[in-house]
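Structure at a glance
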Amino acid sequence: MAISKPQGGGERMLGVPAVADRVAQTVVARHLMLRVEQIFHPDSFGYRPGRSALDAVEKCRKRCWKRDWVVEFDIAKFFDSVPWDLLVKAVEAHTDAVWVNLYVRRWLAAPLQMPDGSLLERERGTPQGNAT
């Protein structure tokens, strides 16, 4: 499924997993979260349990009173260009569970089904989000 990017920046493809994959992704995410949560930087807010975009905004507001500069960046097309081998290495570094590594490899290599029913094979990148 494609959605328009804000400010006319083209389209972003969203992955919409099957229910079975969504359940398995939740199990894998919980497994990995138990192992990596403690190593994240305290100022990391994205996709973290108990943290939100509003928490990040609050932290930014507090820091605005302490500093007179701001650094902002966005890595264009980051999720479209993630090298699979590096992602798999990162997962393997944090778990020796064969089933987790198997699922991650399977999800990375799964083709995207386009709206017209055709399949788009991929060699890098990760599908983003979901339609629900």
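A brief look at the structure comes next. As the structure is a computational prediction, the values presented were derived from the model and not from experiment. (Residues numbered from 1 in each chain as written. Predicted model: local features only at pLDDT ≥ 70, side-chain atom pairs only at ≥ 80, totals over all residues. Heavy atoms only, no water.)

The secondary structure content of the chain amounts to five helices and four strands. In the chain, which comprises 132 residues, the share counted as buried stands at 20%. For the chain, restricting intrachain contacts to residue pairs at least 6 apart in sequence, the fraction spanning at least 24 positions comes to 51%. Surface summary for the chain: the accessible area is close to 10400 Å², and the carbon and sulfur share equals 60%. (Helix = DSSP H or I, 4+ residues; strand = E, 2+ residues; numbered from the N terminus. Buried < 20%, exposed > 50% of the residue type's maximum accessible area, 1.4 Å probe, protein only. Contact = heavy atoms within 4.5 Å. Areas by Shrake-Rupley, 256 points an atom, 1.4 Å probe, with all protein chains shown as cover.)

Where helix α1 (residues 19-36) meets helix α5 (residues 98-109), the closest approach of the two axes is 11 Å, and the angle between their N-to-C directions is 130 degrees. Our classification of the angle between α1 and α5 gives oblique. Two packed elements cross with a definite hand, and for α1 against α5 that hand is left-handed. In this structure, α1 uses D21, A24, Q25, V27, V28, H31 and L32 to contact α5, whose residues at the interface are W99, V100, Y103, V104, R106 and W107. Tallied by class, residues from the contact of α1 with α5 come to nine nonpolar, two polar and two charged. (Axes fitted to C-alpha atoms, helices over the stretch in contact; angles between N-to-C directions. Parallel < 35°, antiparallel > 145°, perpendicular 65-115°, else oblique. Left-handed = near helix turned anticlockwise from the far one by under 90°. Nonpolar A, V, L, I, M, F, W, Y, C, P; charged D, E, K, R; others polar.)

This part takes up a nonpolar patch on the surface. A cluster of nonpolar side chains, namely Y47, W69, V71, F73, I75, F78 and F79, defines an oily patch on the protein surface of about 910 Å² accessible area. Here I75 falls in the partly exposed class, since its relative accessible area comes to 49%. (Patch = residues over 30% accessible without salt bridge, like charges linked within 9 Å, V, L, I, M, F, W, Y side chains within 5 Å. Salt bridge = Lys/Arg side-chain N within 4 Å of Asp/Glu carboxyl O.)

Opposite charge on two side chains permits them to pair, given that their charged atoms come into close proximity. Scanning the model with the defined rule gives six salt bridges in all. In this structure, K59 and D43 form a salt bridge, with 3.8 Å as the shortest nitrogen-oxygen distance. Note that K59 is positioned in helix α2 (residues 53-64) and D43 in the loop between α1 and α2, a separation of 16 residues in sequence. For D43, a relative accessible area of 27% puts it in the partly exposed group. Among the ionic pairs, R105 bridges to E92, the shortest N-O distance being 2.7 Å.

Quick look at the nonpolar core now. Listed in full, the 11 residues of the largest apolar core are A24, V28, L32, W84, V88, V91, A97, V100, V104, W107 and L108. Among the secondary structure elements, those contributing two or more residues to this core are α1, α4 (84-94) and α5. Broken down by element, the residue count for this core peaks at four residues, all from α5. Each residue touching L108, except ones within four places of it in the same chain, is listed here: W84, L87, V88, R122, G125 and T126. (Core = buried A, V, L, I, M, F, W, Y, C linked by side-chain atoms within 4.5 Å.)

Let us look at the side chain of T126. As for its placement among the helices and strands, T126 is situated in the segment after β4 (119-120). Judged by relative accessible area, T126 falls into the buried class, the value being 18%. With sequence-adjacent residues up to four places away left out, T126 is seen in contact with F79, V82, L87 and L108.

Turning next to the packing of α4 against α5. Between α4 and α5, the shortest axis-to-axis distance is 10 Å and the interhelical angle comes to 160 degrees. Between α4 and α5, the crossing angle belongs to the class labelled roughly antiparallel. With respect to the hand of their crossing, α4 and α5 are arranged in right-handed fashion. Of the residues in α5, those touching α4 at W84, L87, V88, V91 and E92 are V100, N101, V104, R105, L108 and A109. Considered class by class, the residues forming the contact of α4 with α5 number eight nonpolar, one polar and two charged.

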